[in-house]
Amino acid sequence: MPVTAAQPSSRWPEDVLRLNAVCPYYTMFPLDFPLRQLAASPQATRVLDPFCGRGTTLYAARLAGLPSVGIDINPVAAAIAQAKLVRVTPEAVVRLARRILEGGALGSVPEGEFWEWCYENRTLRELVTLREALFEVTTPTAAMLRAILLGILHGPRNKNFPSYLSNQMPRTYASKPAYAVNFWKKRDMRPVRVPALEVIERRATRLLEAAPLAHGGYVYQGDSVATLVGLRQRFDLVVTSPPYYGMRTYVADQWLRSWFLGGPPQVPYGTHGQIARQPNQDAFATALGEVWAATARRCHRGARLAIRFGALPSARTDPEKLLRDSLKKAKSGWVVTEVQQAGTSPKRTRQAEQFGKAGSAVEEIDLVAELIGVPR
Ligand SMILES: C[S@@+](CC[C@H](N)C(=O)[O-])C[C@H]1O[C@@H](n2cnc3c(N)ncnc32)[C@H](O)[C@@H]1O
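Residues numbered from 1 in each chain as written. Predicted model: local features only at pLDDT ≥ 70, side-chain atom pairs only at ≥ 80, totals over all residues. Heavy atoms only, no water.

*Asks:* Requested: an account of unusual backbone geometry, with residues and values cited.
*Replies:* Glycine aside, residues mostly have negative phi angles, and peptide bonds mostly take the trans form. The residue E136 is not glycine, and still its phi comes out positive at about 70 degrees. By the secondary structure assignment, E136 is in the loop between helix 7 (121-134) and helix 8 (140-152). The backbone of K331 sits at a positive phi, close to 45 degrees, despite the residue not being glycine. (Helix = DSSP H or I, 4+ residues; strand = E, 2+ residues; numbered from the N terminus.)

*Asks:* Hey, could you go over the side chain of T123 for me, with residue numbers and the actual values?
*Replies:* Mapped onto the secondary structure, T123 falls in helix 7. Residue T123 is classed as buried on the basis of its relative accessible area of 0%. A distance of 3.1 Å separates a polar atom in the side chain of T123 from a polar atom in the side chain of R193. Those residues in contact with T123, other than ones at most four positions away along the chain, are L165, V192, R193 and V194. (Buried < 20%, exposed > 50% of the residue type's maximum accessible area, 1.4 Å probe, protein only. Polar contact = N/O pair within 3.5 Å; in protein donor to acceptor, adjacent residues only side chain to side chain. Contact = heavy atoms within 4.5 Å.)

*Asks:* So what's going on with the nonpolar core? Which residues, and what values?
*Replies:* Counting 77 residues, the largest nonpolar core has F114, L145, L149 and L256 as the members making the most contacts within it. Counting residues per element, this core draws most heavily on helix 8, which supplies nine residues. Two domains each provide a minimum of three residues to this core, namely domain 1 (9-75 + 217-371) and domain 2 (90-208). Residue contacts for F114: discarding those within four places in its chain leaves M169, P177, A180, V181, W184, W255 and L256. Of all hydrophobic cores here, the second largest spans 33 residues; its members include L48, A294, I365 and L367. (Core = buried A, V, L, I, M, F, W, Y, C linked by side-chain atoms within 4.5 Å. Domains from an automatic or database assignment.)

*Asks:* Summarise the packing of helix 5 (residues 90-102) against helix 10 (residues 196-208); cite the residues concerned and give the values.
*Replies:* Where helix 5 contacts helix 10, the axes come no closer than 8 Å and their chain directions differ by 165 degrees. Regarding the angle of helix 5 to helix 10, the classification is roughly antiparallel. Both helix 5 and helix 10 take part in a crossing whose hand is right-handed. Contacts from P90, V93, V94, A97, R98 and L101 of helix 5 reach helix 10 at L197, I200, E201, A204, T205 and L208. Its residues assigned to classes, the contact of helix 5 with helix 10 shows nine nonpolar, one polar and two charged. (Axes fitted to C-alpha atoms, helices over the stretch in contact; angles between N-to-C directions. Parallel < 35°, antiparallel > 145°, perpendicular 65-115°, else oblique. Left-handed = near helix turned anticlockwise from the far one by under 90°. Nonpolar A, V, L, I, M, F, W, Y, C, P; charged D, E, K, R; others polar.)

*Asks:* Tell me what's going on with the pairing of strand 5 (residues 299-311), and back it up with residues and numbers.
*Replies:* Taken across its 13 residues, strand 5 has ten buried, putting it largely inside the fold. Strand direction decides the pairing type here: strand 4 (residues 235-240) and strand 5, joined by five bridges, are parallel. Looking at the pairing, V239 lines up with A306 of strand 5. As defined by bridge partners, strand 5 adjoins strand 7 (residues 363-371) across eight bridges and the pair is classed as antiparallel. Within the sheet, the bridge partner assigned to A306 lies in strand 7 and is V368. (Pairing = 2+ DSSP bridges.)

*Asks:* Tell me about the site of the ligand, and please be specific about residues and values.
*Replies:* Taken together, 23 residues lie around the ligand, and Y25, R54, T56, D72 and D223 are the ones closest in. R54 is positioned with one of its backbone polar atoms (N or O) 2.8 Å from an oxygen atom of the ligand. At 2.6 Å from an oxygen atom of the ligand is found a side-chain nitrogen or oxygen belonging to D72. Burial of the ligand by the protein chains amounts to 100% of its free accessible area of 610 Å². Taken together, the residues of the shell around the ligand sort by class into eleven nonpolar, nine polar and three charged. (Near = heavy atom within 4 Å. Areas by Shrake-Rupley, 256 points an atom, 1.4 Å probe, with all protein chains shown as cover.)

*Asks:* Pulling in residues and values, what's your account of the pattern of salt bridges?
*Replies:* Once their charged atoms are close, side chains differing in charge can pair, the charge on each being opposite to the other. One pass over the structure, following the stated rule, counts 13 salt bridges. Between E14 and R18 there is a salt bridge; the shortest N-O distance is 3.0 Å. A residue is classified by how much of its surface remains accessible, and E14, at 48% relative accessible area, is partly exposed. Among the salt bridges present, the one from R193 reaches E126, with a minimum N-O distance of 2.8 Å. A residue pair is termed long-range when its members are at least 10 positions apart, and R193 in the loop between helix 9 (177-186) and helix 10 and E126 in helix 7 qualify at 67 residues. Using a relative accessible area of 17% as the deciding quantity, one classes E126 as buried. Each member of the salt-bridge network shares a partner with another, and the members are E14, R18 and R206. (Salt bridge = Lys/Arg side-chain N within 4 Å of Asp/Glu carboxyl O.)

Any functional reading would require information that these geometric values do not contain.
In structure tokens, the structure reads:
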């Protein structure tokens, strides 16, 4: 069904948008960016985001009634994005969680001071059981439960009904263990019992009660170039935001969520195929160019490519020049039609704010290109 107009987020009832916030993710862009691109592409039938992060583009496509494909190399991003394409009832999610927990303890509990202080021991036992049971399960209900658990894994402690399973922590990123333990000890802040099932139930009800109809699609965890080569579908709208030059902390800052998905119980300091690991700007532009070339091969002629991009001040780079270089290097028929400062939307600060922690943000631009060549 072709979309006629994608409404800005302010036109949607708040409860319809809740699922988009199932779990925070570093450097997510505001929903209005992909919604604006959808509104500008009324002929679009299938949407792609080759750096999909938590799946904001996919959720915008869902709201517009379109199927979408997302790709991300970070397992945390892919797990959150998957939930953006799923429609399940809160009851189904709770039933699955209950069945797992009633089935008895699974997996081995990680040891050490961090774990003793981060979670009360019955809560940790439940978390480990849920983690173990959800490995490799690919049903829509499991995908939703997994994303919900990622979203409640850590966050601030509140007075009444708890919203997060952990001791006091930020919700957007996981503190490093030594820092966190020191913080809790200094304040004698012992972890309190948080029954996982209760938090899951409250969260699932809130997120899913008014979730919109799903319109299909798929999320691939992997490198965008390697994944695009294997795809068969063609796209006419691509909305994306590659990692900004100088941005390397995606994996380490999400270490607790990475653990939940099967990673090690400590901070992994690697860049794991992240495109921003490139040693210099020219290499980064070349690597990005390969993504735009692989994207062109999966697009129809006339396709629209909308990119939000920026750079950390510490990286001393001109984001527009870097992005134009990357499109030139792609040699695949993308012609730049618009460039503007990012965020004509009132929520524009959100993505930039996320970068604050890594060294205050960033000049951001929105660039639009059109595919005029014939994709090879
Ligand atoms: C700026 S974030 C995208 C955020 C997204 N727009 C959102 O709203 O959540 C860039 C993403 O690119 C991913 N990424 C980096 N290198 C990649 C690669 N080689 N292949 C696929 N994804 C990659 C990162 O893991 C990160 O999630």
